[in-house]
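Structure at a glance
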Amino acid sequence: MLRECLAVAAGGALGSLGRYALLLLFSLLGGAWLPIATLVANAVGCFAIGWVAQWAVQQEMTNHWTVVGVRVGLLGGLTTFSSFALDILRLWQTDRAGLSTMLAVAHIALGITCVALGMWLARPALT
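Residues numbered from 1 in each chain as written. Predicted model: local features only at pLDDT ≥ 70, side-chain atom pairs only at ≥ 80, totals over all residues. Heavy atoms only, no water.

Moving on to the overall build of the chain. Tallying secondary structure elements over the chain gives five helices and zero strands in all. Expressed as lengths along the three principal axes of its C-alpha atoms, the size of the chain is roughly 50 × 30 × 20 Å. Looking at the chain residue by residue over its 127 residues, the buried ones come to 33%. Across the chain, every contact between residues at least 6 apart in sequence was considered, and the portion connecting residues at least 24 apart equals 71%. Looking at the chain as shown, the accessible area adds up to about 7,600 Å², and 73% of this sits on carbon and sulfur atoms. Where the 6 positive side-chain charges of the chain centre and where its 4 negative ones centre are 3 Å apart. (Helix = DSSP H or I, 4+ residues; strand = E, 2+ residues; numbered from the N terminus. Buried < 20%, exposed > 50% of the residue type's maximum accessible area, 1.4 Å probe, protein only. Contact = heavy atoms within 4.5 Å. Areas by Shrake-Rupley, 256 points an atom, 1.4 Å probe, with all protein chains shown as cover. Lys, Arg positive; Asp, Glu negative; His and termini not counted. Charge placed at Lys NZ, Arg CZ, Asp CG, Glu CD.)

Encoded structure:
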């Protein structure tokens, strides 16, 4: 149990730093691009969690400390639903309901697609 907790903590720190790096990178393009940083973080995280989940099943390691550290820690730190919700609400509150709705749909559709793509690509790579 201690190993899993340490893996989640270390992974969470790395994932959070990755998320912050994306935010800094997109901020160079201007404030309007900041919600796209969240979208990219969620897409990358969704793809990665699909790949890792498939790999863990194939390796029969779904509860191994490394898998827990990556899924809960690293990818949990990288992808943040709370940031997504805040981005959507802020756009909505600035009378950009259309953009807000499109961004919400993009997050959900891209997230689900990336999880499926990650799992699909993991199958032949792991056999």
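Moving on, there is more to tell.
On to the environment of T94, then. Structurally, T94 is set in the loop between α4 (81-93) and α5 (97-125). Reaching out from T94, the side chain makes a polar contact with the backbone oxygen of L91 at a distance of 2.9 Å. (Polar contact = N/O pair within 3.5 Å; in protein donor to acceptor, adjacent residues only side chain to side chain.)

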